[in-house]
Structures are given as C-alpha cells and as structure tokens.
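# Reading the structure
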Amino acid sequence: MTSPASSSEVKYLIESSEGNTFDVSGAALRQSNTFNAMFLNIGADGPIPFTDYNEATLKKVFEYCEHSVNEENYSGPKHQDDLSKWDLNFFNEMDQKMFIDVINASNFLDIERLTSYCCERIARMLRGKNTQEMIKVITLPTAEELEAKQKVEEKKAAAAKKVAEKAAETAEKTETLEELPVQQLVQTTRNKLTRKYLSFSNE
Amino acid sequence: MRKLKFLLLPILVIQEIVSMMNPFEILNLSMASSRIKNVVQLYSKHARYFYRIEFSERPSIDFTGTEDIWRYEITADRNRTEVEDYYQNSMRIMTICVFGKDILEEVKSWFKYIKEIFNIDGGLMVIINLDTFPGQNKAITDWVNSQTTWTRHCDIDGEKVRDDDVKYVLNTLNIRITLNIFANVSDNFRFEVPQFLSQLYIENGGWIKLNQLLEIDASEIFIRNTKLTRDELTVFFKNWMCMKSQIGLECFTAGIEKRDDVDTILDVPHENFGTETIRTFELKTQEIKLRGGSEIRRCDGTTAAIFVTTEPDRLVLAMIVVKKKMF
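Residues numbered from 1 in each chain as written. Chains lettered and ligands numbered in written order. Predicted model: local features only at pLDDT ≥ 70, side-chain atom pairs only at ≥ 80, totals over all residues.

### Some points on the overall build of chain B
- Along chain B, the regular secondary structure elements total nine helices and 18 strands.
- Projected onto the principal axes, the alpha-carbon positions of chain B cover approximately 80 × 45 × 35 Å.
- Here chain B, with 327 residues, has 32% of them falling under the buried criterion.
- If you take every contact in chain B between residues at least 6 apart in sequence, the share linking residues at least 24 apart comes to 55%. (Helix = DSSP H or I, 4+ residues; strand = E, 2+ residues; numbered from the N terminus. Buried ≥ 20, exposed ≤ 12 C-beta atoms within 10 Å, placed from the backbone. Contact = placed C-beta atoms within 7 Å.)

### Digging into the overall build of chain A
- Helices and strands together make up the secondary structure of chain A, namely nine helices and four strands.
- Of the regular secondary structure in chain A, the N- to C-terminal order runs β-β-α-α-β-α-α-α-α-α-β-α-α.
- A total of 203 residues make up chain A; the buried ones form 23% of that total.
- Restricting to contacts in chain A with at least 6 residues of sequence separation, those with at least 24 account for 74%.

### What about the interface of chain A and chain B?
- Counting residues at the interface gives 26 residues for chain A, matched by 22 residues for chain B.
- For the side of chain A that touches chain B, the secondary structure elements donating two or more residues are α5 (96-109), α6 (112-126), α7 (131-137), β4 (138-139) and α8 (143-179) of chain A.
- Considered class by class, the residues forming the side of chain A that touches chain B number 13 nonpolar, eight polar and five charged.
- Note that β4(A) and strand β1 (residues 4-5) of chain B share two bridges and pair parallel. Paired with A:T139 across the bridge in β1(B) is B:K5. (Nonpolar A, V, L, I, M, F, W, Y, C, P; charged D, E, K, R; others polar. Pairing = 2+ DSSP bridges.)

### Focus: the pairing of strand β18 (residues 314-321) of chain B
All names here are of chain B.
- Judged from the six bridges that link them, strand β12 (residues 251-256) and β18 form a sheet pairing that is antiparallel. Note that in β18 the partner of G255 across the bridge is V316.
- Linking strand β17 (residues 303-311) back to β18 in an antiparallel pair, the connection comprises two residues.

### Focus on helix α4 (residues 103-118) of chain B
Residues and elements named next belong to chain B.
- In this model α4 runs 22 Å from its N-terminal to its C-terminal C-alpha over 16 residues, within 8% of the 22 Å that 1.5 Å per residue would give.
- Looking only at α4, the buried set comprises V107, F111, I114, I117 and F118. Here the buried residues of α4 occupy an arc of 125 degrees about the axis, which is enough to place them on one side. In α4, those exposed residues whose orientation departs by more than 90 degrees from the buried face are E105, K112 and E116.
- Lining the buried residues of α4 we find α2 (23-30), α3 (34-44), β2 (50-55), β3 (60-64), β4 (68-75) and α5 (137-147).
- Just beyond α4, the residue with positive phi is N119, at close to 50 degrees. (Expected span 1.5 Å × (residues − 1). Arc of directions from axis to C-beta.)

### Here we look at the sheet that holds strand β1 (residues 11-15) of chain A
Residues and elements named next belong to chain A.
- Taken in spatial order, the three strands make up an open sheet running β2-β1-β3, and their pairing is mixed. Lying at the two open borders of the sheet, with one neighbouring strand each, are β2 (21-25) and β3 (48-49).
- Pairing of β1 with β2 involves five bridges; the strand directions are antiparallel. By the bridge assignment for β2, L13 is matched with D23.

### Section: the environment of B:C97
All names here are of chain B.
- Within the element layout of this structure, C97 appears in strand β6 (residues 91-99).
- Judged by C-beta crowding, with 19 C-beta atoms within 10 Å, C97 ranks as partly exposed.
- As a C-alpha pair, C97 and L233 span 136 residues in sequence and 48 Å in three-dimensional space.
- Setting aside anything within four residues of it in sequence, one finds C97 in contact with E73, T75, R80, T81 and E82.

### Observations concerning the confidence of the model for chain B
- Mean pLDDT over chain B works out to 89, with 98% of the residues at or above the 70 mark.
- On the interface metric, ipTM, the complex scores 0.76, and its pTM is 0.77. (pLDDT = per-residue confidence, 0-100.)

See the structure below:
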C-alpha cells in the first residue's frame with residue numbers, strides 16, 4: 001500500500017443501489033459539486049452511498065468524469081458540434097433509458113459539464129421542430145409517474161437538508177480545528193488523509 | 001425510438017434545456033400540453049429578449065435584443081412561405097408566418113399567448129403605422145396600453161396627417177426610452193413631449209416651437225424639417241450654456257437652410273477649429289470623427305462641438321456634448 005503522493009491518486013469507494021461498490025479516482029469525483037460539498041473537506045468513513053442510482057449508471061457517469069479529468073476547466077456549455085469523437089461515442093452508445101438515468105445522476109451529483117452536454121443533446125432533439133414534431137419526440141408522464149417524481153424530489157430535498165446540516169457541523173469542526181495548536185492541526189489533517197486512503201484503497 | 005419523458009427530467013435540467021431553446025421552440029414546446037406549458041412558463045420568464053409589436057403593412061411580433069431577430073408575421077396572404085430565414089443589415093431574421101383572416105385579432109391573440117409564456121409585464125417596443133388600420137388607431141393604442149405598464153420604444157409612422165391619433169398614442173402610452181415620430185402632423189400640432197427620454201426623433205418638426213424645444217428633456221434630440229429660426233436656435237444654445245435647459249443633452253441636430261447660417265446662429269462666445277483639427281466623439285451607438293467645427297462652453301465647464309453636416313437632401317446643424325476627448 002502506498003501513501004497518496006497527491007490527492008488525484010486517492011481512490012474513493014462508491015456504493016450503488018445494488019449495494020455494489022467500485023473505485024473512483026479523487027480527481028474524477030471532484031467534478032461532482034455534490035461530492036465536493038458533502039465529503040471533500042470532511043472525508044468519509046466508508047463507501048460513499050449514491051444508492052439512488054444503479055451501478056451501470058454511476059459507472060457511466062464516472063467514466064465521463066475520468067475521461068474529462070485532464071480537460072480544461074469547464075467554461076459554460078459547448079455546442080454539440082464541438083464535442084470530441086470520444087464525447088460523441090460516449091453519448092451515442094447509450095440507449096434512451098441509460099441516457100435519462102445518466103442525466104438524473106449527473107444532475108444529482110451536480111457535474112456541470114456532463115449535465116450541460118446532456119441538456120444540449122435534448123435541446124437538439126427538439127431544435128427546429130414544430131409542436132406536432134416535438135410531440136413525436138417527447139411523451140407525457142402518467143399521474144403515477146409524476147407522483148413518483150415528486151417523491152424523488154422530496155427525498156432529494158431532504159438529502160440536501162441533511163448535507164446542509166452536515167456542512168454546518170463541519171464548519172463547527174473547522175472552527176474547533178483552527179483553535180488547535182499548529183502541530184496538532186497538521187497531525188489531525190494527516191490522520192484524516194491517511195484514514196481516507198485506508199478506507200477507500202480497497203486493497 | 002422510445003419517447004422522452006420530458007416532465008420526468010429533473011427541474012434544473014428542464015430549466016437548462018429551456019434556456020438553450022429559441023423563442024419559436026419555447027412556444028412550440030409550450031403548446032405540447034398544459035402541463036408542459038406550466039413548466040415552460042416557469043422557466044422562460046427570465047428570457048433575455050425585448051418584445052416588439054408592429055402594426056403596419058406587415059404586422060409582426062418580434063423577439064429582439066440578441067444577435068438574431070425571431071419574428072411572427074401575421075398575414076392573410078396564404079401564398080407566403082410559412083418559414084423565412086434571411087439577413088438584413090447583417091442581422092439574421094427568422095420569420096414564421098401566421099395566417100389569419102382578422103389580422104388585428106390574430107396579432108392580439110398571439111401576443112396574449114407570448115405574454116403569458118414569457119411573463120411580459122413592461123418594456124414593450126411598439127411600432128404603429130397610423131395609415132394601416134386608420135379607423136382603429138385608438139383601439140390599438142388602448143390595447144397596447146392594456147398589455148404593458150410602460151413602453152421602451154415607440155415609432156409612430158404615417159403619411160396622412162392625423163394629429164389626434166398621434167396625440168392619443170403619445171398621451172396613452174407611457175413611453176420611457178425612445179420616441180421616434182415619423183408621422184406627418186400639422187404645424188398646429190401641440191403636444192407635451194414625454195420627459196427623461198433617451199432619444200427623441202421628430203421627422204416633421206415644423207410644429208416644434210422654441211418654448212417647446214426648451215422644455216424637451218432628452219439625451220438625444222433629432223429634429224428634421226424644423227421651422228425654428230436662426231435666432232431661436234441661438235436662444236437654444238444660449239440657454240444650454242447658462243444651464244437653463246437641456247442639462248442632460250448629449251446630442252442635438254436640427255435642419256438649417258444655408259451653411260452660413262451657423263455663423264449667425266453662433267452669436268454666443270465660441271471657439272472655431274481649423275480644418276486641420278480632427279476631434280473624435282463617442283455617441284451612444286457610434287464614434288464620430290469631426291474635422292474643424294466650433295466649440296461652445298457651458299457655465300459648468302462642459303463643452304459641446306457645433307458643426308454642420310449634410311444629409312442626402314438637406315443641411316443639418318449638429319451639436320455634440322463632449323463626454324470624453326480622444327486625441
């Protein structure tokens with residue numbers, strides 16, 4: 001087991017709805033603003049549960065994140081025509097169910113670049129169409145489906161509230177840390193890093 | 001291919017998608033169902049457009065304010081192409097023709113729907129040609145007034161003299177930024193020009209008398225076909241120099257008869273520049289270079305360039321208040 005030379009080499013363990021876990025690099029995971037808000041500063045003691053999404057969807061989302069690790073910082077939506085061959089393949093090989101799952105997961109994880117490209121793709125599906133042509137592309141959900149969506153939104157709102165509470169708690173902890181002597185602070189931080197690595201190295 | 005369950009997408013995703021659509025697509029999507037309409041309505045209210053309604057030979061409702069113009073043109077001519085896409089003055093204009101027998105009613109009902117979807121409550125741009133629907137000018141004005149709390153831009157056009165209609169439009173609409181009166185009015189026309197305008201253009205300014213001119217409070221005043229005398233223009237400049245009127249004036253033009261008139265008009269302290277001197281001035285929409293001309297100074301130190309310029313068929317006396325000198 002090697003100690004992490006840089007944060008990009010840190011691996012995190014992600015848990016899907018099936019209860020399966022898999023590794024994602026810290027650099028890829030940091031593209032998720034949700035992750036940054038929840039875990040980046042405080043670390044995690046076990047697999048990070050993204051249990052609203054199945055393994056295939058999460059793997060697809062993080063495949064994108066891993067690929068775009070070395071790309072320039074995101075600076076707003078890019079036109080579909082400017083997408084690379086890899087990006088186009090990435091989108092084209094998904095069926096519509098997977099595409100919608102990826103949008104939902106990407107939206108929850110708040111991965112700006114991926115969400116924006118997905119939106120652009122849908123906007124493109126509707127581009128230049130009249131109402132009748134649009135109706136051929138989109139369908140209206142049933143009352144049950146809308147109810148289910150509302151439940152999901154409520155669940156997410158509750159999760160967001162939890163995150164906010166956790167962030168507030170972290171802020172309190174940070175304040176406490178700042179009051180500690182420098183040496184102790186360094187040690188605390190190092191301990192946290194080591195613990196994070198040990199927890200998620202999966203070796 | 002499976003259909004996309006649009007409303008099941010996350011709220012932020014729908015918002016992002018709507019923001020990527022043009023006005024035609026937003027309106028087409030909104031007509032897909034009442035539920036979709038409610039959602040689209042929610043997210044299109046922050047759209048970045050200006051809305052322009054034109055009552056003329058070719059009535060239309062335009063979305064402007066971006067690089068392109070999106071236009072619904074209401075027509076009774078069934079031979080027209082349904083969709084047109086062309087460039088005019090380097091601006092792309094995309095037009096969808098809406099066919100209807102009663103053109104005015106069609107304009108009103110389309111605007112009603114657009115207003116509902118884009119949550120328009122003020123700042124309309126209105127163009128009215130008083131000759132197109134001669135008997136209905138007052139009704140049109142009342143309708144426009146009922147649709148907007150204030151009007152950003154108003155053009156009033158018309159060949160035939162219709163003082164009452166022009167007055168009615170000006171009295172009824174709350175015009176705040178730009179007013180262009182191209183319509184013919186009689187020399188007896190009297191009207192109190194709205195205050196604090198950014199631009200006032202009067203094509204047939206024979207009715208503008210000195211006391212009215214001094215009361216106009218607009219940043220840019222352009223009056224063509226004026227009957228103001230040379231002495232009256234001198235009084236105008238004197239008042240400006242004493243800060244008695246037009247404190248916020250940035251640009252003023254008025255027609256004159258002869259180039260030499262400027263010597264008589266400038267019966268105020270001024271400095272003349274030789275033709276070898278070139279000065280640059282910044283106006284709201286353009287930068288102009290001026291060779292020679294004169295300069296007058298206001299009591300607070302502000303200066304203004306006075307010069308004569310030509311339009312295709314006339315001479316124009318122009319005044320530009322100096323904001324920033326660029327040599």
